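# Summary of structural features
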Amino acid sequence: MATAPNECTCSCLKVLDNPVAKKMLMALTGFGLVGFLFIHLIGNMSLYAGPGGINVYGQTLHALPPIVWAFRGAMLLLFVIHVWLGIKVTLENQVARPTPYARREYLKVTFASRTMIWTGAVIALILVYHILHFTIQMLYPDTAANALKDVLGRPDVYTMVVASFKKAGVALLYVVWMFAVALHVSHGFHSGLQTLGLASEKTLPLWTRLALCVAAFFFIAYTSIPASILAGMVN
Ligand code: HEM
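All of the points below concern the structure found in this document. (Residues numbered from 1 in each chain as written. Predicted model: local features only at pLDDT ≥ 70, side-chain atom pairs only at ≥ 80, totals over all residues. Heavy atoms only, no water.)

Turning our eyes to something else, we now look at the site of the ligand. In the vicinity of the ligand, 16 residues are found, and the nearest of them are His40, Asn44, His62, Arg72 and His130. A distance of 2.9 Å is found between a nitrogen atom of the ligand and a side-chain nitrogen or oxygen belonging to histidine 40. Take threonine 135: an N or O atom from its side chain is 3.5 Å from an oxygen atom of the ligand. Elements supplying a minimum of two residues to the shell around the ligand: helix 1 (19-45), helix 5 (116-135), helix 6 (157-165), helix 7 (168-195) and helix 8 (204-230). Class assignment for the residues of the shell around the ligand results in ten nonpolar, five polar and one charged. (Near = heavy atom within 4 Å. Polar contact = N/O pair within 3.5 Å; in protein donor to acceptor, adjacent residues only side chain to side chain. Helix = DSSP H or I, 4+ residues; strand = E, 2+ residues; numbered from the N terminus. Nonpolar A, V, L, I, M, F, W, Y, C, P; charged D, E, K, R; others polar.)

Okay, structure coming up:
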């Protein structure tokens, strides 16, 4: 039988012809990425303990290559699935009626919900910059952690991060990035809870407030790093 142009040809992907399965997978991968944001934030907060904090964190991370690569692989898979489904759902919604929901839709259209594809694009683009900057360390070779060793011979992640955020343009770019992350999470978090059947008309206002708190928490905690460095509070 001929396959409709929009249908998945591989049988293992057939489940993704189901709009509810697509939304559920988007919600689950989104929550996985929010989990990464929490873990990454805890690691980044060690910057406030000085070079002895974040340099130990960086060294410990790289001392276990199989675990690091397994974690990176899992995160990349979540990211690719989430982005691919986000683009697919947005394109499908443009040519057809919005996809039907398994449960009644209680969410209001907001600025955050209407701009999900754009905040997603900003997050992905600046993420590429971030990885070139801090992981591959090819953008500012003079202050790359692998080039500057600390007094104990460890890659100096502390000096790399502090030197980067002393540049106002770089600090500002990260603030814009965090704003996009917060906006994206503020809608994605409660929309995902609803998709997974965890929100009802009664509980949705509570989840909406929780989503706003999670988004504000990420914004304040992540932005505190470039802001405190630019303000000269961390040297
Ligand atoms: C002020 C905010 C942030 C700071 C200071 C920061 C710092 C860092 C540092 C130092 C690394 C390199 C770790 C290493 O290889 O030793 C890194 C890697 C990374 N960061 Fe961030 N980060 C921030 C925000 C974010 C955000 C918001 C995201 C996600 C949207 C993110 C995603 C990543 C990813 C995917 C990597 C690569 C991890 C790996 O190498 O396995 N970061 N970050």
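Next, the rest of the story.
It is worth spelling out a nonpolar patch on the surface at this point. Judged by side-chain polarity, Val83, Ile87, Leu91, Ile117 and Trp118 come together as a nonpolar surface patch covering roughly 480 Å² of accessible area. Counting residues per element, the ones that place at least two in the nonpolar patch are helix 3 (65-95) and helix 5. Topologically, valine 83 is positioned in helix 3. By relative accessible area, valine 83 is classed as partly exposed at 32%. (Patch = residues over 30% accessible without salt bridge, like charges linked within 9 Å, V, L, I, M, F, W, Y side chains within 5 Å. Areas by Shrake-Rupley, 256 points an atom, 1.4 Å probe, with all protein chains shown as cover. Salt bridge = Lys/Arg side-chain N within 4 Å of Asp/Glu carboxyl O. Buried < 20%, exposed > 50% of the residue type's maximum accessible area, 1.4 Å probe, protein only.)

In the structure shown here, the tally under the stated rule is two cavities of 30 Å³ or more. The wall of the second largest cavity is formed by His133, Gln137, Tyr140, Thr143, Ala144, Met160 and Ser164. Along the lines of polarity and charge, the residues of the lining of the second largest cavity split into three nonpolar, four polar and no charged. (1 Å grid on protein atoms, 1.4 Å probe; cavity = no way out; pocket = protein on both sides within 12 Å on 5 of 7 lines; lining within 4 Å. Points joined across faces, edges and corners; volume = space filled by probe spheres on them.)

Our next topic: the coordination of the iron atom of the ligand. With distances of 2.0 Å, the protein atoms coordinating the iron atom of the ligand are His40 (NE2) and His130 (NE2). One can describe the site at the iron atom of the ligand as octahedral: its six donor atoms subtend angles covering 86 to 179 degrees at the metal. Here histidine 40 is found in helix 1, whereas its partner histidine 130 is found in helix 5, with 90 residues between them in sequence. (Donors = N, O, S within 2.8 Å, 3.2 Å for Na, K, Ca; no water. Tetrahedral: all angles 85-135°; square planar, octahedral: opposite > 155°, others 65-115°.)

In this section: helix 2 (residues 51-62). The end-to-end C-alpha distance of helix 2, which contains twelve residues, comes to 16 Å, matching closely the 16 Å that a straight helix rising 1.5 Å per residue would cover. Every buried residue of helix 2 is accounted for by Gly53, Ile54, Asn55 and Gly58. Residues of helix 2 that are buried in the fold lie against helix 1 and helix 6. (Expected span 1.5 Å × (residues − 1). Contact = heavy atoms within 4.5 Å.)

Another aspect to go through is unusual backbone geometry. Phi angles above zero are rare outside glycine, and glutamine 137 is one such case at about 60 degrees. With a relative accessible area of 12%, glutamine 137 lands in the buried category.

Evaluation of the coordinates by the stated rule reveals three salt bridges. Lysine 22 is the partner of glutamate 92 in a salt bridge, and the nearest nitrogen-oxygen pair spans 2.7 Å. One end of the pair, glutamate 92, is in helix 3; the other, lysine 22, is in helix 1, with 70 residues separating them in the sequence. Across this residue pair, the class does not change: glutamate 92 and lysine 22 are buried. In this structure, the salt-bridge partner of glutamate 92 is lysine 88, at a minimum N-O distance of 3.4 Å. With glutamate 92 and lysine 88 both in helix 3 and four residues apart, the pair spans about one turn of that helix. One exposure class covers both glutamate 92 and lysine 88, and it is buried.

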